[in-house]
Amino acid sequence: MNFFRRKKPESAVFLLGDDPTLGVVREYAAGSFFDESLAESARLRDDPPTRQFIGVTLSDRRLRIGAIVLTTVFGLFLAKAAHLQVVLGDEFRTEAEGNRVRIEMIPSKRGIIYDRNRTPLAENASTFRLVATPATIPKVIDQRVAFLEELAEVTGTPVPQMLSILGSAANEKDPVVLNEALSYDAALSLMTQMDRFPGVQVESATIRTYKTDEIPTLSHVLGYTGRISAEEYDRLDESGYRMIDNIGKLGVEESYESVLRGTYGRKIVEVDALGRAAAIITKEDPIDGQNVILSIDATLTAKIEQVLEGHLGTSARAAVVMMDPTTGEILSLVSTPAFDSNKFAEGIDQKTYTALLEDVNRPLFNRAISGQFPSGSTFKPVVAAAALAEGLINRSTSFLSTGSIHVGIWSFYDWNLGGHGITNVTRALAESINTFFYYIGGGYDGFVGLGVERIMTYAARFGFGTVLGVDLPNEASGFLPSKVWKEEAKGERWYIGDTYNVSIGQGDLLVTPLQIASMTSTVANGGTLYQPRVMHALESEAGEALAEPIVQSEQVVDAQTIAIVRDGMRQAVTSGSARRLLSLPVTSAGKTGTAQWSSLYKTHAWFTGFAPFEDPQVVITVLIEEGGAGDAVAVPIAQEILAWWFTQFEIASPPPAPTPTPVENPLDANLPANYDGSNDADRPV
């Protein structure tokens, strides 16, 4: 085909098809060349018979589908824009604001813990902490190391230590502590060079100091503070805690954490692009924690430690509880061996901690409230009270003690194989006569006893088998056995011998020293069961708020029953197994106990009592693990402690009550010639 190239007219438009809107439009600029054959084709437009058409390729259906697709896509864009603007707008706005401002918490001063005489037991020592936010520290390893090396030159903090802490941070936006105890000079030097270290702060802090370096057994009462764990943080995050905060871990520090901690303040700081503080926008001052005044007497606790060490040495496992029976306040709570809370507050090393965990004497274990032991004969006042309250016996009801009883092929013995003769309830308590409690507990020779169900019902009334609610963590409940339990746990039926055993505080019965002290307080005060506690008052800027006694039961059993049990415990001092207490400057009452727990090891030695008898002001419970006989080991310890206690105060004690006339025993002639009633009244069966 030949092409003739000519100068294009000023403008030329060529259309194909009869509808210019559907044709192909081509416009060439003036001065260009065009193919003459195309001009020929264009001329055909004026010749209707010969015009050509390009058919419409988009049907109405396809146009509708296209319109729907375009509308849908446009709608999705609109919906996404609305979601970003409306739903996530606040979040993005907050994030953007977070790039401009920083919220810094201002720790409050932790409250001080005092004893009842205002002796400080837990105080605050000032220190500085090196705090950093990982997100603001260079992330490229070479740059991060260089940054930390400069920081180490100023603070003396090892670079590997800082790298490890930064690398282990769970959330880079949460601050971490690079150095827990920054020296004053290092802190001052860093504060003058803060512009060099964006994201790094010097925070004023405190470390707890405890009197447990002088009186170690206070550690079980006070506890200690330590770094908050991940689990604790998840639970307390909404309360304003940070991952770098310390928190109460045991004892009073844990129980009264919210009171001692106070309320943190905060300041909102405007920062520049490098994260450096430019201006303080707002500031809220912290509210310091309240001081806690305990009912604990530190001097008394130190004396108890001294007495225990003098009688048993430093490795003995023992517990001593002293209470005010009129309020439930605990005067001393000793568990030995113990530990030093300061070691934990300072950051205990793994070697020391492992040694504490592996110590066979378990110094971290608070046996006074968490230890569960067979009670021995210290449980007999409960059985006596149950029999009296149920009307099975009265003050005069007597049985003949011959030294043992026999059921089928089984024999159940008393500690005195020769028997005690005619015995009533007060004498049975005074001399801890097992056969009397076999009778009233399980029944014998036609006499119907209490049975295990009623014994356990009254035990629960006195607070056994449940936590008493002391304001310290990890209190144990002890254990009250039952027929159903034995069948389910041991696959055995309950035998009469099981009832005899629990009637004298043996068998599967378990108690805590605190429960025995609480039971004794109930007997001492006439029948009221108080919730034991160690907090006496809270102190703040508003003043001092005394803790009110909490009554758990107004009258556990009737007053007449309590009076008879009290007389039996008084007789234990005047003519029974606790006669050593006659040397005290005040009248007293008590009950000894010797508890079997193993055929291979010595028995646990118990004593529990109160003084003065007429107007009880103090209860004391002593437990010596594997100590032997209660009258031989626990009573002398109680006597020495009580003698010291009552010499510290001028107590107007009434004249001693007349010594009860013992019931005449026609079988006394059969006792050894040198028997004076003070032998081991709790020798185990």
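Residues numbered from 1 in each chain as written. Predicted model: local features only at pLDDT ≥ 70, side-chain atom pairs only at ≥ 80, totals over all residues. Heavy atoms only, no water.

(A) Layout of the overall build of the protein. When you go through the protein residue by residue, the secondary structure sums to 22 helices and 27 strands. Put simply, the protein has 685 residues, and 48% of those count as buried. For the protein, restricting intrachain contacts to residue pairs at least 6 apart in sequence, the fraction spanning at least 24 positions comes to 71%. Of the accessible surface of the protein, which amounts to about 33,300 Å², a share of 53% is contributed by carbon and sulfur atoms. (Helix = DSSP H or I, 4+ residues; strand = E, 2+ residues; numbered from the N terminus. Buried < 20%, exposed > 50% of the residue type's maximum accessible area, 1.4 Å probe, protein only. Contact = heavy atoms within 4.5 Å. Areas by Shrake-Rupley, 256 points an atom, 1.4 Å probe, with all protein chains shown as cover.)

(B) Layout of the side chain of Glu 257. When you line up the elements, Glu 257 lands in helix 10 (residues 257-261). Note on Glu 257: relative accessible area 7%, which makes it buried. A polar atom in the side chain of Glu 257 sits 2.7 Å from the side chain of Tyr 241. Among residues more than four places away in sequence, those in contact with Glu 257 are Arg 110, Tyr 241, Asn 246, Ile 247, Gly 248 and Val 252. (Polar contact = N/O pair within 3.5 Å; in protein donor to acceptor, adjacent residues only side chain to side chain.)

(C) Inspection of the packing of aromatic side chains at higher detail. On inspection of all chains with the given rule, the structure shows 18 aromatic pairs. With a centroid separation of 6.1 Å and 65 degrees between ring planes, the pair formed by Phe 412 and Tyr 438 is classed as edge-to-face. With a gap of 26 residues between them, Phe 412 in strand 19 (residues 410-413) and Tyr 438 in helix 16 (residues 434-442) connect regions that are remote in the sequence. Tyr 438 gets classed as buried once you look at its relative accessible area, which sits at 0%. Both rings, one in Phe 610 and one in Phe 613, keep their centres 6.1 Å apart while their planes meet at 20 degrees; by these two values the pair is stacked. The same class applies to Phe 610 as to Phe 613, namely buried. Of note, Arg 461 hangs over the ring of Tyr 458, and the distance from its end group to the ring centre comes to 4.4 Å. Across the ring face of Phe 613, the terminal group of Arg 570 is positioned such that the distance to the ring centre comes to 5.9 Å. (Phe/Tyr/Trp six-rings, centres within 6.5 Å; stacked < 30°, edge-to-face > 60°. Lys NZ or Arg CZ within 6 Å of the ring centre and 35° of its normal.)

(D) Expanded view of the pattern of salt bridges. As enumerated under the stated definition, the model contains 27 salt bridges in all. Of the charged contacts in the structure, one is a salt bridge between Glu 626 and Arg 317, with a shortest N-O distance of 2.5 Å. Linking Glu 626 in the loop between strand 27 (618-624) and helix 22 (630-647) with Arg 317 in the loop between helix 11 (298-312) and strand 15 (318-323), this pair joins segments that are 309 residues apart in sequence. You can call Glu 626 partly exposed: its relative accessible area is 24%. Here Arg 454 and Glu 390 are joined by a salt bridge, their closest N and O atoms 3.0 Å apart. Taken as a pair, Arg 454 in helix 17 (residues 451-461) and Glu 390 in the loop between helix 14 (380-389) and strand 17 (399-401) lie far apart in primary sequence, 64 residues in all. Given the relative accessible area of 27%, Arg 454 is considered partly exposed. Given a relative accessible area of 32%, Glu 390 falls into the partly exposed group. (Salt bridge = Lys/Arg side-chain N within 4 Å of Asp/Glu carboxyl O.)

(E) Region of interest: the packing of helix 14 against helix 16. Put simply, helix 14 and helix 16 touch, their axes get as near as 10 Å, and they point 45 degrees apart. In terms of their interaxial angle, helix 14 and helix 16 are classed as oblique. Relative to helix 16, helix 14 is oriented so that their crossing is left-handed. In this structure, helix 14 contributes Lys 380, Val 383, Ala 384 and Ala 387 to the contact, and helix 16 contributes Asn 434, Phe 437 and Ile 440. For the contact of helix 14 with helix 16, the residue count by class is 5 nonpolar, 1 polar and 1 charged. (Axes fitted to C-alpha atoms, helices over the stretch in contact; angles between N-to-C directions. Parallel < 35°, antiparallel > 145°, perpendicular 65-115°, else oblique. Left-handed = near helix turned anticlockwise from the far one by under 90°. Nonpolar A, V, L, I, M, F, W, Y, C, P; charged D, E, K, R; others polar.)

(F) Looking closely at unusual backbone geometry. Cis geometry is adopted by the peptide bond preceding Pro 337, which originates at Thr 336 and carries an omega value of 0 degrees. Mapped onto the fold, Pro 337 is located in the loop between strand 16 (330-336) and helix 12 (341-345). Note that the residue after Ala 611, namely Pro 612, is joined by a cis bond; omega there is -20 degrees. On the secondary structure map, Pro 612 appears in the loop between strand 26 (604-611) and strand 27. Although it is not a glycine, Arg 362 sits at a positive phi angle of roughly 55 degrees. Along the chain, Arg 362 turns up in the loop between helix 13 (350-358) and helix 14. Judged by relative accessible area, which is 45%, Arg 362 ranks as partly exposed.

(G) Region of interest: helix 21 (residues 559-574). Taking 1.5 Å of rise per residue, the 16 residues of helix 21 would be expected to cover 22 Å, and the 22 Å separating its terminal C-alpha atoms lies within 8% of that figure. Helix 21 sits mainly inside the fold: 12 of its 16 residues count as buried. Three or more residues of helix 21 are buried, namely Thr 561, Ile 562, Ile 564, Val 565, Arg 566, Gly 568, Met 569, Arg 570, Gln 571, Ala 572, Val 573 and Thr 574. Two or three places before Gln 560, at the opening of helix 21, Asp 558 has a side-chain oxygen 3.3 Å from that residue's backbone nitrogen. (Expected span 1.5 Å × (residues − 1).)

(H) Fine view of a negative patch on the surface. There is a patch of like negative charges on the surface, built from Glu 231, Asp 234, Asp 237 and Glu 238. Note that Glu 238 resides in the loop between helix 8 (230-236) and strand 11 (246-248). (Patch = residues over 30% accessible without salt bridge, like charges linked within 9 Å, V, L, I, M, F, W, Y side chains within 5 Å. Lys, Arg positive; Asp, Glu negative; His and termini not counted. Charge placed at Lys NZ, Arg CZ, Asp CG, Glu CD.)

(I) Structural view of the sheet that holds strand 25 (residues 589-595). Pairing in this open sheet of 5 strands is antiparallel, and the strands run 16-15-27-26-25 from one edge to the other. Of all strands in the sheet, those with a lone pairing partner are strand 16 and strand 25, marking the two edges. Ignoring which end each strand starts from, the neighbouring axes of this sheet average 5 degrees apart. Bridging between strand 25 and strand 26 involves 7 bridges; their strand directions are antiparallel. Residue Ala 595 lies in a different strand from strand 26, and its bridge partner there is His 604. Helix-sheet contacts for helix 22 involve strand 15, strand 16, strand 25, strand 26 and strand 27, and the interaxial angle to strand 27 is about 145 degrees. (Pairing = 2+ DSSP bridges.)

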